[in-house]
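Chain by chain, the residues run as shown.
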Amino acid sequence: MIVLWTDALIFMLLIALALMIGYLRNKAQMLRPLRKIGQNKAGLAALTVLLFFVLIGLLDSVHFKSPDHQTREIISLLDYWATPIRESGEKTYSAPFAAHLYSKEFMIAPDGSRHWGTPRLKHGGAHLTNPVQQKFADIMTRTAQGLAKGAALYLFFGVLFRLWRRGRHKALFPGPASKTVAWVLFVIVTLTFAVIELSAHYHVLGTDMVGEDVLYQAVKSIRTGLVIGTLTTLIMLPLAIVFGILAGFFGGWIDDVIQYSYTTLNSIPGVLLIAASILMVQVYMANHPEAFTSVVVRADMRLLFLCIILGMTSWTGLCRLLRAETLKLREMEYVLAAQTLGVRQSRILFRHILPNVMHIVIISVVLDFSSLVLAEAVLSYINIGVDPATYSWGNMINGARLEMAREPVVWWSLTAAFLFMLTLVLAANIVADAVRDAFDPRFMDNA
Amino acid sequence: MIHYILRRFLYALPLLLGVNILTFMLFFVLNSPDDMARMQLGQKHVTEQAVDNWKHQRGYDLPLLWNAKATATGKITRTIFYRKSVGLFWFDFGISDSGRNIGSDIRQRMWPSLAVALPTLILGLLANICAALLMVLFRNSYLEVGGVVLCVILMSISSLFYIIGGQFLIGKELRLVPISGYDTGLDAIKFIVLPVAIGVLSGIGSGARWYRTLFLEEVEKDYVRTARAKGLTEVQVLFRHVLKNAMIPILTGVVVVLPLLFMGSLIMESFFSIPGLGSYTIDAIGSQDFAIVRAMVFLGSVLYIAGLLLTDISYTLVDPRVRLS
Amino acid sequence: MSSNLSANRFVRRPVLSLLLMIAFVLSACDTTQLNNPYDPATSGLSILYSSFSERPKHLDPAIAYSANEYTFIGQIYEPPLQYHYLKRPYQLMPLTATALPKVSYLDAQDKPLPTNSEDYKIAFTEYLLEIKPGIRYQPHPALAKNAAGEFLYHHLTSAQLAGVGVLGDFDKTGSRELTADDYVYQIKRLASPEVQSPIAELMKHYIVGFEDFYRQAASLSLEQIKAAPMTGVTLLDRYRYKITIKGKYPQFIFWLAMPFFAPMPWEADVFYHQPGLKEHNITLDWYPIGTGPYTLQENNPNLRMVMVKNPNFHFEAYPSEGEPDDAGQGLLSDAGKPLPFIDKVVFTLEKETIPYWNKFLQGYYDASGIASDSFDQAIQFSGADEVGLTASMQEKGIRLQKAVTTSVFYVGFNMLDATVGRGEKARKLRQAIAIALDYEEFISIFMNGRGIPAQGVLPPGIFGFIEGKPGINPYVYDWRNGHPERKAISEARQLMKAAGYPGGVDPKTGQALILYFDTTSVSIDDRPRMNWFRKQFAKLGIKLVIRGTDYNRFQQKMRAGNAQIFMWGWNADYPDPENFFFLLYGPNAKVAFGGENAGNYQNPRFDRLFRQMRGMTNSDRRLEIIQQLQQIVRHDAPWVFGLYPEDFLLFHSWYKNLTPNLMANNRLKYARIDNQERMQKRRQWNRPVLWPLAFGFLLLLILIMPAVIAYRRRSRFTVQRLQKQDGAESVRIRK
């Protein structure tokens, strides 16, 4: 088992989350909004999708050395399970579900003659003897098989879950919402099985220029998107919380210094700051090649740095909000009372201020998530995003740009990136809405 | 008022100094003048002598922050920092690493940026307000639900898709506008139609949604109910009261970004090869012309600070309750 | 009632304005070509449309050294010699000179020697050049004089400077005759440290007195530079000058066809050095002044660069003889007509390849290279390696031109490196790698077949390149069935064993041997390429680590000798083998001497033969030595010879007189445009498709209409209800 930097941070994040849940489990101010989310059908459905993505991302975050002694690459659990797709590369472009290459080239017939045509793929549809006639039926049966397997599995676990839950109190989710979740889960599970079944014999989303499976790339990109969306927040949160609360609570010269530093940082155009920092990281890597012998490690470091840089440039907004809120809270009667009673300031901060600004933090974390995922694509376009060796939607779009000029158009890379990205960001946006509705006091009354 | 503006100007100085020092550190930590020289001198037959000459001509052979060899004030003024940074304060951007005057380039390139960004902003504002008003007008109907869902979907799509798709569809397949390029004067219209349309479309999701919440907040207020009770129709209510009052946050939000319009949009400009400041910056990043990047960072900061100042002033103009002091 | 009205107005207004806007856009331009990026008024003129992706950095002929700069200055500046446009192999011919230079050899005592003297006796070579009289410079403010014969703009006053933003803002221009002195002055400029010519270091070795002049010039003013003598360059009279070089260097004559040796009027330097011009970017680097067929009219690197015909251009006729099949291709139909044909050349800034390609297909660019991604759209292979255009291209009348470039791409090894560089084992390792790197596959995957796997240092078209069995690299290829065939990978594995890495395992670590590949390819587009390299090395069990850096760091690494394996290319300056082999010449080593021998290859025998070959004129003996040189390099394998790229150029049927000439950089003057054909085809190809607009609009209406109807109904209802409520409330209030 190998733990990359981002892996470590992801697991740290998980542990932190678990601790926080444990800490807040019985707090009323947390339970009420959570209940409210539990009643929001769209929000719950989106959350389920999001959790599915997170699961894939987690699977992709458990790294170890490949058991294949020839290569000894670093691969993840996801890679391990996806080995068939990972290694079933073709020569170049092939369309989704194709059995032939997309572009024509010279083929040498068994009799030695050469002619111009589209050769059969090495893996996609290779089990068919006559793809033109058999393909459609084959795809249909395999889809049906996959769906059936998925449904069976779902039912099995569904029944188990029911049995286990019988007699316990109905926790967070009341009736209608839990039904939605069940349906979404059902769709996800069956679809996943169908895709798994199909991708064993076809390139479901085609292959790219060097013949790599596009579905695999799109799935691998999930982790990158999630890492950027979450780790950036992890890095920015401490800065924003500490500085924001300190500035608001103590005022005076501390406030001045903090305000000065975030206004300065804020007034620099973000992209330029990121560009400059990424260039610096590249220089560092170029000067220390011995630390980055493996492509995976190198790409991972760059990803981490990108998160750090994004975090450094994006803490200012939240910091300003927190400062304003703390200023307000400081004048509240219970805080003033605590101060006159001589309660230690650190205690006031932890007991009275921090819990009461948490809703702002939570809202801004979920709101930032989707914009960070979108930002990654844009940054990759100007080559200041993730490492070119990292799978990411930004890199896929970037490469697909050129494919749009081909005739006939190679549309599947772009479409795949589009669909995956849209699903994740849309789910995140809907969840963000639900969270905001639940936590924001302004929305509390009128809902 | 004038007193206040003056004071804000003075307050801006340390900010700009901070920006200056930060960017200076960032760029010179990562890049030595030798690298810059090699980058710019090209590939064939580059000698140490040529590198030294290049550095000398552009003043990169001086020490970074402190010149121990110089006398008196020269200790500070005869340094790269002083030479390259102080001029920025009176907008003397100097010469780019590739040898062109940055100031004249910026003056030339800000107009195309503006030609794209300003229509995008204005039309975008109109489109967002229209869409938001429609949603509010038809609230609690299928149109509102559809509108909100559409907004969320639209804002979940990366701007790159809008640009790639728009260029492919409108420019290549339908042949309605030139695929890319720019021209001066009225000829520019045919080039900016598509970028502006794409800019408006990609902004409408988040914009319309945000304005909708603004309007909805306003709609719930008592005076609106009173107006309605007086027998005003819904449309009249929306235009006379809701829009008018919601315009304050909308306009002040616009004022902040006004100065930054000069900076242009990085991606849009490079996709449509519009010779604005956005593509200027991208090119400079790509070719590692740090003199330009530094100038653009500084310019961006100045414009941002100007935007903040304008916002404060515009608050007093639209809302008499706010007093500047 | 009023509510209905206003609702209608609300919906109708944007509809109306949208219609108005569409109408305006449609009426504003020619509706048959909505997508014409140029001013429709100019479509009848003889204008060539091209592009530039990066603005040229230098247009000063003493500094410019890259292809994109030569695109411009090649048409503006005229060195004494040029390459014949049609004849192959490349042949020099006079341009502004009356004839090819008269070459004479001198011994160490400056005594003339017969032309067939032995090399070691020759201490100096003299080139005597004579310029045609009557050639005049383009109109330029630097040459403007008043009635009294004084220069108008050599002492600019602030009044004259006011309102000057570009060079064209000076009202008056002037011209004068080209003299030999201008050529001499330019050579002095090459030696000026202020100008920083990239070939200054090189010329120090050749031109007599160049180095002394270089040292002096640092402390001289402009005027003094003009007056100061350079021993090796002498002015004989108004039209003749002489260049003396050290020893024998037959390749020197090629330099005389490069813009470095173009004339520069001293007035230009005086003019551009005045204060107040540099701030507006008015420098010699931006506004050239030459005698060539074109002048730079507009130089806006942010948008476009425009060249127009030079009104003062001297007479030059289109060549009347060429290669045997040139006449058949219509290349001689303009023979004897005065050059140039095209009135104006517009270069538009175009950063991305895709818009460029699309505009080419729409007829808005006249010629285009082929990006990898649009390749199968344009090209198909028909039969035995025959390359042809696809039906869709042929339908448009597009034509294809192919030419193997005089350049080579190679994978170099740093010979100072312990693993890949030194010793016999390292040599075996290098050879194994040479076999494993399957460049045939590389060419077919990444270059769409546009290249030839390299068998040695020299590309085709350079003296010394031989085809067929004797020309193959016997360490990598076998000759079978009349084709070179790459050796099997098993042989490479055998070599690995011999090199001490059986199965690619490094005995020191017990794991796969790790090698480092330094590259500047860091962008996403290069990822497949890097993966390919990794795969090739993996065939030998070697783990390849790609170290991608920017060009800067790469250069630095190369200079310090920190690279291990790298990919590089070389594009010939002139068609002579010396220009390739010097990349491997010991005294040119990068680390030790800062030269161009990037791999730091050292082989005394190679160096000796190289020196011998360098001084020879083309002969059988020279060919023989070149083959020996090739064999040495193939044996030592300091390079994996990669490929010689092939240029494919597509051009429209209206673009005439185009032929591949990789050496000449003043090709534009030969080209001609058939404008009628272009106008007609553009119109045919660019009919806009309008129905989706109308359709989308209709869809929008259909979507909104039910809502509007519903709203109308509801508002009528609410008004009634409100009225009722109102009544009730007012009653309540009254109570």
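Residues numbered from 1 in each chain as written. Chains lettered and ligands numbered in written order. Predicted model: local features only at pLDDT ≥ 70, side-chain atom pairs only at ≥ 80, totals over all residues. Heavy atoms only, no water.

Q: Please clarify how the overall build of chain A should be interpreted in this entry.
A: Helix and strand counts for chain A come out as 16 helices and 4 strands. C-alpha extents for chain A along the principal axes are approximately 100 × 60 × 40 Å. With 447 residues in all, chain A has 50% of them scored as buried. Partitioning the intrachain contacts of chain A with sequence separation of at least 6 by distance along the chain shows that 71% fall at a separation of at least 24. For chain A, the exposed area adds up to about 21,200 Å²; of that, 68% sits on carbon and sulfur atoms. Between the centroid of the 38 positive side chains of chain A and the centroid of its 30 negative side chains there is a distance of 9 Å. (Helix = DSSP H or I, 4+ residues; strand = E, 2+ residues; numbered from the N terminus. Buried < 20%, exposed > 50% of the residue type's maximum accessible area, 1.4 Å probe, protein only. Contact = heavy atoms within 4.5 Å. Areas by Shrake-Rupley, 256 points an atom, 1.4 Å probe, with all protein chains shown as cover. Lys, Arg positive; Asp, Glu negative; His and termini not counted. Charge placed at Lys NZ, Arg CZ, Asp CG, Glu CD.)

Q: Explain the overall build of chain B here, please?
A: Within chain B, the regular secondary structure consists of 14 helices and 0 strands. Starting at the N terminus and ending at the C terminus, chain B contains elements arranged as α-α-α-α-α-α-α-α-α-α-α-α-α-α. Restricting the contact set of chain B to residue pairs at least 6 apart, pairs at least 24 apart contribute 68%. Taken as a whole, chain B presents about 13,800 Å² of accessible surface, with 68% of it coming from carbon and sulfur. Distance between charge centroids for chain B: 4 Å, based on 29 positive and 22 negative side chains.

Q: Quick question: what am I supposed to make of the interface of chain C and chain B here?
A: The parts lose accessible area when they come together, and the size of an interface is often stated as this lost area. Taken residue by residue, the interface counts 67 residues in chain C and 63 residues in chain B. A combined buried area of about 5,800 Å² lies between chain C and chain B, and 51% of that area is made up of carbon and sulfur atoms. Here chain C and chain B share 1 salt bridge between them. Close ionic contact of B:Asp183 with C:Arg304 constitutes a salt bridge, the shortest N to O distance being 2.6 Å. (Buried area = accessible area lost by both parts, 1.4 Å probe. Salt bridge = Lys/Arg side-chain N within 4 Å of Asp/Glu carboxyl O.)

Q: Quick question: what am I supposed to make of the sheet that holds strand S5 (residues 112–113) of chain C here?
A: One key point about sheets: their strands pair by backbone hydrogen bonds, in either a parallel or an antiparallel sense. All names here are of chain C. The sheet built from 5 strands is open, its strands ordered S5-S4-S6-S8-S7 with antiparallel pairing. The strands lining the two open edges of the sheet, one partner per strand, are S5 and strand S7 (233–235). As judged from the 5 bridges shared by strand S4 (residues 102–106) and strand S6 (residues 124–130), these two strands associate in the antiparallel manner. Its bridge partner lying in S6, serine 104 is registered against glutamate 126. On the sheet, helix H4 (residues 180–190) packs against S7 and strand S8 (240–246) and is oriented at approximately 30° with respect to S8. (Pairing = 2+ DSSP bridges. Axes fitted to C-alpha atoms, helices over the stretch in contact; angles between N-to-C directions.)

Q: For this particular structure, what's the right way to read the packing of aromatic side chains?
A: The geometry of an aromatic ring pair is captured by two quantities: the separation of the ring centres and the angle between the planes. Residues and elements named next belong to chain C. Per the stated rule, a full pass over the model turns up 55 aromatic pairs over all chains. The interplanar angle of 15° and the centroid separation of 4.3 Å between the aromatic rings of tyrosine 356 and tyrosine 365 together place this pair among those described as stacked. With respect to class, tyrosine 356 is no different from tyrosine 365; both count as buried. For the ring pair tyrosine 410 and tryptophan 639, a centre distance of 3.6 Å and an interplane angle of 5° mean the geometry is stacked. Taken together, the residues tyrosine 410 in strand S16 (residues 407–413) and tryptophan 639 in strand S23 (residues 639–651) connect sequence positions 229 residues apart. An aromatic cluster of at least three residues, connected via ring pairs, comprises Tyr439, Phe442, Phe446, Phe517, Trp532 and Phe533. The ring of tyrosine 214 carries lysine 204 above its face, with NZ or CZ at 4.1 Å from the centroid. Note that lysine 396 overlies the ring of tryptophan 685, its terminal NZ or CZ placed 4.5 Å from the centroid. (Phe/Tyr/Trp six-rings, centres within 6.5 Å; stacked < 30°, edge-to-face > 60°. Lys NZ or Arg CZ within 6 Å of the ring centre and 35° of its normal.)

Q: Just checking my understanding: could you explain unusual backbone geometry for this structure?
A: Negative phi characterises most residues that are not glycine, and trans characterises most peptide bonds. Cis geometry marks the peptide bond from C:Leu339 to C:Pro340, where omega comes out at -15°. The phi dihedral of B:Arg175 is positive, around 55°, even though this residue is not glycine. Looking at the secondary structure, you find B:Arg175 in the loop between helix H8 (159–173) and helix H9 (189–219). On the basis of relative accessible area, B:Arg175 is assigned to the partly exposed category, the value being 24%.

Q: In this structure, what is going on with the domain arrangement of chain B? I would like to understand it.
A: Residue and element names in this part refer to chain B. Looking at chain B, the domain boundaries give domain 1 (2–90) and domain 2 (110–324). Taking the mean C-alpha position of each, domain 1 and domain 2 sit 36 Å from one another. Every contact between the two is made by 21 residues of domain 1 and, on the other side, 18 residues of domain 2. When the two sides are added together, the surface that domain 1 and domain 2 hide from each other amounts to roughly 1,700 Å², 76% of it contributed by carbon and sulfur. If you sort the residues of domain 1 by the area they bury against domain 2, Tyr4, Phe27 and Leu88 come out on top, with a joint share of 30%. Put simply, domain 1 and domain 2 have 0 salt bridges between them. Taken together, the elements giving at least two residues each to the side of domain 1 that touches domain 2 come down to helix H1 (2–30) and helix H2 (33–41). It is H1 that provides the largest number of residues to the side of domain 1 that touches domain 2, a total of 13 residues. (Domains from an automatic or database assignment.)

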